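Residues per chain, in single letters:
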Amino acid sequence: MVRVRFAPSPTGHLHIGAARTAIYNWLFARHHGGSFILRIEDTDFERSSEEMTEGILAGLKWLGLDWDDKPVFQSQRIKLYQEKAAELVKKRAAYYCSEGRSKAVRFKVPDEDVFYKDLIHGPITVKSKNIEDFVLLRSNGLPTYHLSVVVDDIDLGITHIIRGDDHISNTPKQILLYRALGVSPPEFAHQSLIFGPDKKKLSKRHGVTSVLQFREMGILPLALFNYLAQMSWDPGKERIYSRGEIIEKFYLDKRSQGSPVFDISKLEWINGRLISDKSAEELFPLVKAVLQEKGLWQQALETEKRPWFLKLIGLLKERSRKIEDFSDRALPFISDDFPYESKAVKKHLKDERLGELLARLYDDFSVLESFKALPLEKALRSRAEKEGIKPALMIHAARVLVLGTRVSPGIFDVLEVMGKEKTLERLAAFDSVSKSSKQ
RNA sequence: GCUCCUGUCGUCUAGCCUGGCCCAGGACACCGCCCUUUCACGGCGGCGACACGGGUUCAAAUCCCGUCGGGAGCGCCA
């Protein structure tokens with residue numbers, strides 16, 4: 001029976017490196033039908049906080065991870081560690097050492113080399129003479145990491161320890177502790193660390209690293225999940241999978257051992273694909289949240305204008321890579337207070353014929369019975385033909401006048417969603433818009 | 001300094017265990033073309049890597065040795 005754990009210390013936010021470790025443990029447990037245990041390593045009272053614990057749990061949930069049993073808090077198990085330390089002293093595997101007035105318990109490293117077979121790295125051997133006697137119990141009676149980890153992993157019946165490479169050199173110490181406690185050690189698998197572009201361990205100075213920050217940016221949980229799961233590992237031909245598919249394909253060995261560099265453009269690519277695949281209905285609450293945050297939300301979008309708003313989301317989702325992207329792009333549709341890109345105005349509104357052409361187009365549009373993409377397109381193209389000009393001239397001008405941008409979804413779909421009233425109003429604003437940029 | 005881990009396109013990786021199908025495959029990014037009203041999508045194409053040096057072998061990205069590079073750990077932090 002496979003039993004693994006994720007053991008964060010609540011001294012900071014859920015970092016994507018830690019999240020990746022959590023994902024691997026979870027995947028391993030689910031693949032083998034085992035258990036995934038959460039253990040909060042909060043024995044460093046100075047730096048730990050309940051708030052951080054909440055944030056970490058929220059991050060895990062958001063990623064779609066669930067855990068078995070209740071989370072275990074090390075702060076509530078101090079007595080157990082102290083007992084085990086005493087037991088080791090009794091067995092003469094550990095001893096009291098005093099430096100100054102304080103008295104701590106140190107492990108007596110025996111004169112035997114440590115060998116173990118890492119599931120990812122293969123055989124690793126360390127000579128015991130390279131390991132110093134390390135502290136088990138601090139002079140204040142609190143356990144150190146090595147003691148609490150080993151005692152808990154034994155107590156919780158952990159079968160596989162999957163964690164970051166930064167723990168490789170801790171492992172021999174812990175194996176020695178298992179031996180001293182008379183328990184055979186579990187399997188170990190050490191996963192490479194995520195690096196920044198400078199090939200150093202990823203940290204805050206590299207930019208966004210907290211899982212919750214990605215959520216705020218408008219990254220979908222499944223996108224981050226896929227991206228993180230596919231570091232050091234290649235599940236196959238498709239580039240994006242459901243959680244269930246990844247569980248099915250997951251394996252630990254035979255994976256890349258080098259440290260991967262975090263590349264946000266790939267994450268965003270996955271995210272964009274996932275956004276396109278979602279329905280407007282699914283996207284609705286996410287877009288709402290972003291608009292609310294930017295102070296652009298209108299209650300009507302949820303009530304009488306909801307069907308219209310869903311159409312808008314459907315129009316915009318194909319080319320959005322982050323949920324954030326929706327706010328700028330939706331702006332001209334839900335408000336009259338939007339910017340005109342000066343480059344766009346200069347490029348597409350400078351033709352002198354435009355004033356007259358747009359006036360005629362205005363008339364063509366205003367007599368349309370149905371303000372839908374197809375008739376709109378027909379009207380514009382036949383106008384262009386009559387005038388002997390390329391349709392593109394009016395198309396580009398219309399885009400700039402209606403949206404203020406050079407880039408958008410197909411213009412006729414845009415106009416349809418924009419509606420007759422606003423479209424005509426904005427086409428009529430040609431003079432003032434084109435003039436304003438000349439100053 | 002000591003110990004351990006690690007090194008395939010700019011980036012993520014496949015291949016390495018079980019040498020030949022690899023003058024190295026895919027994806028992201030980038031560039032070009034097609035589609036086209038713009039962008040995105042899609043299609044097609046391009047750029048681009050086995051860190052280096054020896055050895056073993058008919059044959060090495062794959063096995064062996066060495067060199068160099070990168071990282072992490074060495075706390076009464078976790």
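Keep in mind the model is a prediction, meaning the values are calculated, not measured.

Colleague: Outline the protein's contact with RNA strand B, listing residues and values.
Modeller: The environment of RNA strand B is formed by 59 residues, the closest being Arg138, Ser232, Gln257, Val261 and Arg319. In RNA strand B, atoms within 4 Å of the protein come 72% from sugar and phosphate. Within the contact set of RNA strand B, a sugar or linking oxygen lies 2.9 Å away from a side-chain nitrogen or oxygen of Asp44. The set of elements that each furnish at least two residues to the surface near RNA strand B consists of β5 (102–107), β7 (122–126), α9 (264–277), α16 (391–403) and α17 (411–418). Across the surface near RNA strand B, the residue classes tally to 17 nonpolar, 21 polar and 21 charged.

Colleague: Report on the nonpolar core, specifying residues and quantitative values.
Modeller: If you look at the biggest cluster of nonpolar residues, it comprises 104 residues, and the most contacted ones within it are Leu224 and Phe365. With nine residues, helix α1 (residues 16–31) is the largest single contributor of residues to this core. Setting aside anything within four residues of it in sequence, one finds Leu224 in contact with Ile16, Trp62, Leu63, Val211, Phe214, Ile219 and Leu267.

Colleague: Give a description of the packing of helix α11 (residues 306–316) against helix α12 (residues 325–334) that names residues and reports values.
Modeller: In the contact formed by α11 and α12, the axes pass within 11 Å of each other and the chain directions differ by 135 degrees. With respect to α12, the axis of α11 lies oblique. Relative to α12, the crossing made by α11 is right-handed. Mapping the contact onto sequence places Trp308, Leu312, Ile313, Leu315 and Leu316 in α11 and Phe326, Arg329, Ala330, Phe333 and Ile334 in α12. Of the residues belonging to the contact of α11 with α12, the class tally is nine nonpolar, no polar and one charged.

Colleague: Go over the pairing of strand β6 (residues 114–118), please, and point to the residues and values.
Modeller: Because side chains alternate across β6, one face comprises the buried residues Val114, Tyr116 and Asp118, and the other comprises Phe115 and Lys117, none of which is buried. With five bridges joining them, β6 and β7 adopt antiparallel strand pairing. Pairing of Lys117 across the sheet is with Pro123, part of β7. Here β6 hands over to β7 after three residues, the two strands then running antiparallel side by side.

Parameters and conventions
Residues numbered from 1 in each chain as written. Chains lettered and ligands numbered in written order. Predicted model: local features only at pLDDT ≥ 70, side-chain atom pairs only at ≥ 80, totals over all residues. Heavy atoms only, no water. Near = heavy atom within 4 Å. Polar contact = N/O pair within 3.5 Å; in protein donor to acceptor, adjacent residues only side chain to side chain. Helix = DSSP H or I, 4+ residues; strand = E, 2+ residues; numbered from the N terminus. Nonpolar A, V, L, I, M, F, W, Y, C, P; charged D, E, K, R; others polar. Core = buried A, V, L, I, M, F, W, Y, C linked by side-chain atoms within 4.5 Å. Buried < 20%, exposed > 50% of the residue type's maximum accessible area, 1.4 Å probe, protein only. Contact = heavy atoms within 4.5 Å. Axes fitted to C-alpha atoms, helices over the stretch in contact; angles between N-to-C directions. Parallel < 35°, antiparallel > 145°, perpendicular 65-115°, else oblique. Left-handed = near helix turned anticlockwise from the far one by under 90°. Pairing = 2+ DSSP bridges.

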